[in-house]
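Next come the chains, spelled out residue by residue.
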Amino acid sequence: AAAGYVALAPDVFWRVQPGVEFDSSDQATIAPAIEVTGQWDGEVGLGDLGSALAHLRGLPEVQGATGVIGFCFGGTQTYRVAAAFDPACAVAYYGSGTAGLLDQLDSITCPLLFHFGDNDPYLPNSDVDAIKAATVGHNHVAVHVHAGGGHAFDNHFAPHFSQPRIAVRAWTETLAFLYAHLGGPGKGGA
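Remember, predicted model here, so these are calculated numbers, not experimental data. (Residues numbered from 1 in each chain as written. Predicted model: local features only at pLDDT ≥ 70, side-chain atom pairs only at ≥ 80, totals over all residues. Heavy atoms only, no water.)

A. Quick look at the pairing of strand E4 (residues 141-146). As judged from the 6 bridges shared by strand E3 (residues 112-117) and E4, these two strands associate in the parallel manner. Counted as the bridge partner of Leu113 is Ala142 from E4. Where the polypeptide runs from E3 across helix H4 (residues 125-135) and back to E4, its parallel neighbour, the crossover connection is right-handed. (Pairing = 2+ DSSP bridges. Helix = DSSP H or I, 4+ residues; strand = E, 2+ residues; numbered from the N terminus. Right-handed = clockwise from strand over helix to strand, strands pointing away.)

Structure, rendered in C-alpha cells:
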C-alpha cells in the first residue's frame, strides 16, 4: 500500500484458525506456525486465494491490473496462484515448496519474480538450482538469488531473520518489477 497500490492481505488460515497471529520476533513461534500451516488444505486454500484475487480485481479503487506477492509459505502460494489464476504479475519470496511444484511452471504466463537467499536453512540451494534450471527459456520468469541471504531476510520484525541490506535490494527490485507490470503508484492492486 505504501508503494501506491491497493493492497489486500487475506486471512489464509481462516479455515484452520481464524485470525491466527504469531510473533515472528519470537523463535518459539516457528514450530506452532509450521503446525498451523500443515493443517492448511492446499486445494481449498488455493480456491480461497483465487477468490481473494477476484475480490481485489473487483474493488472500485483498483484502476489497473492486479498482481500477487507472498513471502515464505505465501511465496509458494503466490507461485500456485500465478499458475491457476493468471494475475498480471507475481513476486514470490523464498517459497520453500516451489521446487516440488515445477510441473505447474508451464501454466504460468504472467511475469514472475523469485527472490531467494543462498544461505537459507529452510530451502536448500539444490531446490533453488532446480527452479533456476526449470525456468531457463521462460523469459517472463526472473530468479534472483541474494548472496548471504537467509530465510525470511525481509522479515523486519524478527531480528533472527532480518537482513536489511538484502531486503532493501530485493524490495527495490520488487518495486521496479511491480511498476513495470502494474504501472506506477495509483495503479492496480497486489
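B. Representation of the pairing of strand E1 (residues 67-71). Strand direction decides the pairing type here: E1 and strand E2 (residues 89-93), joined by 5 bridges, are parallel. Counterpart to Ile69 in the pairing with E2 is Val91. Of the crossover connections in this fold, the one passing from E1 over helix H3 (residues 73-85) to the parallel E2 is right-handed.

C. Summary view of the pattern of salt bridges. Throughout the structure, instances matching the rule amount to 2 salt bridges. Of the charged contacts, one joins Arg15 and Asp48 as a salt bridge, the two residues approaching to 2.7 Å between their closest N and O atoms. Note that Arg15 is positioned in the segment before helix H1 (30-38) and Asp48 in helix H2 (residues 42-58), a separation of 33 residues in sequence. A salt bridge links Glu43 to Arg80, with the nearest nitrogen and oxygen atoms 3.0 Å apart. (Salt bridge = Lys/Arg side-chain N within 4 Å of Asp/Glu carboxyl O.)

D. Representation of H4 in the model. Turning to H4, its buried residues number three or more, namely Val128, Ile131 and Thr135. Along the axis of H4, the buried residues cluster in a sector spanning 60 degrees; they form a single face. Where H4 is buried, its residues touch E3 and E4. (Buried < 20%, exposed > 50% of the residue type's maximum accessible area, 1.4 Å probe, protein only. Arc of directions from axis to C-beta. Contact = heavy atoms within 4.5 Å.)

E. Up close: the packing of H2 against H3. Two elements in contact, H2 and H3, have axes separated by 10 Å at closest approach and are oriented at 70 degrees. One element, H2, and the other, H3, form an angle in the roughly perpendicular class. Between H2 and H3, the residues in contact are Gly42, Glu43, Leu46, Gly47, Leu49, Gly50, Leu53 and Arg57 and Gln77, Arg80, Val81, Ala84 and Phe85, respectively. Looking at the contact of H2 with H3 residue by residue, the class counts come to 6 nonpolar, 4 polar and 3 charged. (Axes fitted to C-alpha atoms, helices over the stretch in contact; angles between N-to-C directions. Parallel < 35°, antiparallel > 145°, perpendicular 65-115°, else oblique. Nonpolar A, V, L, I, M, F, W, Y, C, P; charged D, E, K, R; others polar.)

F. Looking closely at helix H5 (residues 164-182). Spanning 19 residues, H5 covers 25 Å between terminal C-alpha atoms, matching the ideal 27 Å at 1.5 Å per step. Listed in full, the buried residues belonging to H5 are Ile166, Ala167, Ala170, Thr174, Leu175, Phe177, Leu178 and Leu182. Axial view of H5: buried residues confined to an arc of 165 degrees, hence all on one face. Exposed residues pointing more than 90 degrees away from the buried face of H5 are listed as Arg165, Val168, Thr172 and Ala180. Contact partners of the buried residues in H5: E1, E2, E3 and E4. Once H5 finishes, Gly183 follows within two positions and takes phi at roughly 95 degrees, a positive value. (Expected span 1.5 Å × (residues − 1).)

G. A look at the environment of Ala3. Its location among the elements puts Ala3 in the segment before H1. Owing to a relative accessible area of 16%, Ala3 belongs among the buried residues under this scheme. When the C-alpha positions of Ala3 and Tyr179 are compared, they lie 9.4 Å apart, and in sequence the two are 176 residues distant.

H. Region of the structure containing the sheet that holds E2. With parallel pairing, 4 strands are arranged side by side in an open sheet as E1-E2-E3-E4. Of all the strands in the sheet, just E1 and E4 have a single pairing partner and so form its edges. Going across the sheet, the axis of each strand differs from the next one's by a mean of 10 degrees, ignoring polarity. Where H5 meets the sheet, its contacts fall on E1, E2, E3 and E4, and the angle it forms with E2 comes to roughly 170 degrees.

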